[in-house]
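# Remarks on the overall topology
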Amino acid sequence: LNADCVVTLNWIKPMVDLVESNKEIGIVGNLQIKGDRVDSAGSEWDWQSKSFVHIGRGIYHGKRISNPFPINKLPSDLQYPQEREMVTGCCFLIPKELFHDVEGFDLRYRIGYWEDADLCMRVRSNGYKVFFTPDSRIHHQGGHSKSCGHYFMKDNYRIFADKWLHNGRID
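In this report, the structure presented in the accompanying data block is examined. Only a predicted model underlies this, so the values are computations on that prediction, with no experimental measurement involved.

## Section: the overall build of the protein chain
- Looking only at helices and strands, the protein chain features four helices and 10 strands.
- Secondary structure elements of the protein chain, listed N to C terminal, follow the sequence β-α-β-β-β-β-β-β-β-β-α-α-β-α.
- For 171 residues, the compact-globule estimate of 2.2 N^0.38 gives 16 Å, and the protein chain sits close to it at 15 Å.
- Overall, the C-alpha framework of the protein chain stretches about 40 × 35 × 30 Å when taken along its three principal axes.
- Within the protein chain, buried positions represent 50% of all 171 residues.
- Look at the contacts in the protein chain between residues 6 or more apart in sequence, and 72% of them connect residues 24 or more apart.
- Both charge centroids of the protein chain, one from 22 positive and one from 22 negative side chains, sit 5 Å from each other.

## Things to note about the pattern of salt bridges
- Summed over all chains, the structure comprises nine salt bridges.
- Asp-17 is the partner of Lys-13 in a salt bridge, and the nearest nitrogen-oxygen pair spans 2.9 Å. With Lys-13 and Asp-17 both in helix H1 (residues 13–21) and four residues apart, this pair spans about one turn of that helix.
- The residue Lys-163 makes a salt bridge to Asp-106 at a minimum N-O spacing of 3.3 Å. Residue Lys-163 is found in helix H4 (residues 153–165), and its partner Asp-106 is found in the loop between helix H2 (96–101) and helix H3 (115–125); the two are separated by 57 residues along the sequence. As far as burial versus exposure is concerned, Lys-163 and Asp-106 are alike and both buried.

## Here we look at the packing of H3 against H4
- Between H3 and H4, the least distance of the axes is 10 Å, while the angle of their chain directions is 20 degrees. Judged by the angle between their axes, H3 and H4 are roughly parallel. Between H3 and H4 lies a crossing of left-handed hand. Where H3 abuts H4, its residues Glu-115, Ala-117, Asp-118, Met-121, Arg-122 and Ser-125 lie against Asn-156, Phe-160, Lys-163 and Trp-164.
- For the contact of H3 with H4, a count of residues per class yields four nonpolar, two polar and four charged.

## A short note on H4
- Listed in full, the buried residues belonging to H4 are Asn-156, Ile-159, Phe-160, Ala-161, Lys-163, Trp-164 and Leu-165.
- On its buried face, H4 is in contact with strand S4 (43–46), strand S5 (51–54) and H3.

## Remarks on the nonpolar core
- Grouped together as the largest cluster of nonpolar side chains are 37 residues, with contacts concentrated most on Ile-27, Leu-31, Phe-52, Trp-114, Phe-160 and Ile-170.
- For this core, the elements supplying multiple residues, two or more each, are strand S2 (25–34), S5, strand S6 (59–60), H3, strand S10 (129–140) and H4.
- Residues in contact with Trp-114, not counting those within four places in the same chain, are Trp-45, Lys-50, Ser-51, Phe-52, Tyr-109, Met-153, Asn-156, Tyr-157 and Phe-160.
- Grouped together as the second largest cluster of nonpolar side chains are 12 residues, Leu-18, Val-19, Cys-90 and Phe-131 included.

## Examining H3
- In terms of residue burial, H3 counts as a mostly covered element, since eight of its 11 residues are buried.
- Every buried residue of H3 is listed here: Asp-116, Ala-117, Asp-118, Leu-119, Cys-120, Met-121, Arg-122 and Val-123.
- Gly-127 lies just past H3 and shows a positive phi near 90 degrees.

Here is what the cut-offs are and how they apply
- Residues numbered from 1 in each chain as written.
- Predicted model: local features only at pLDDT ≥ 70, side-chain atom pairs only at ≥ 80, totals over all residues.
- Heavy atoms only, no water.
- Helix = DSSP H or I, 4+ residues; strand = E, 2+ residues; numbered from the N terminus.
- Rg over C-alpha atoms; globule rule 2.2 N^0.38 Å.
- Buried < 20%, exposed > 50% of the residue type's maximum accessible area, 1.4 Å probe, protein only.
- Contact = heavy atoms within 4.5 Å.
- Lys, Arg positive; Asp, Glu negative; His and termini not counted.
- Charge placed at Lys NZ, Arg CZ, Asp CG, Glu CD.
- Salt bridge = Lys/Arg side-chain N within 4 Å of Asp/Glu carboxyl O.
- Axes fitted to C-alpha atoms, helices over the stretch in contact; angles between N-to-C directions.
- Parallel < 35°, antiparallel > 145°, perpendicular 65-115°, else oblique.
- Left-handed = near helix turned anticlockwise from the far one by under 90°.
- Nonpolar A, V, L, I, M, F, W, Y, C, P; charged D, E, K, R; others polar.
- Core = buried A, V, L, I, M, F, W, Y, C linked by side-chain atoms within 4.5 Å.

Now the structure itself:
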């Protein structure tokens, strides 16, 4: 859980329940809210930008969207738990044993994104699923680490691209 998050009542229980109910699930993320809009409902890979894009904020069903969804108009298919390609490291749950089995965060990444995407990819490549649940909600300030413009952002992307994109593992 990032330092720039405010949790809601009973926010962690739905994530724990989901991971305990299905041993195929390795990571669970939640519905992240910024103001009165979706910040992230998990993420999907976008080939145009060669990046993961947050569902409900920047992409929906593979198409770019210009405005994040208002929470009070959340599409029905974002109102139940479902598999995702990636969930943001701002807040997720992973069993301790699995975290150790996949050797935790890759220490080559520095502050500035991509370490969470890499962890999700490794969990998936080890046969586990990455899930999102809207039953867990947090408010995310975003930009707390200034990662979007952080000095290491480009270096981290190169590490990720070399490991997953350039050798065809992202597909």
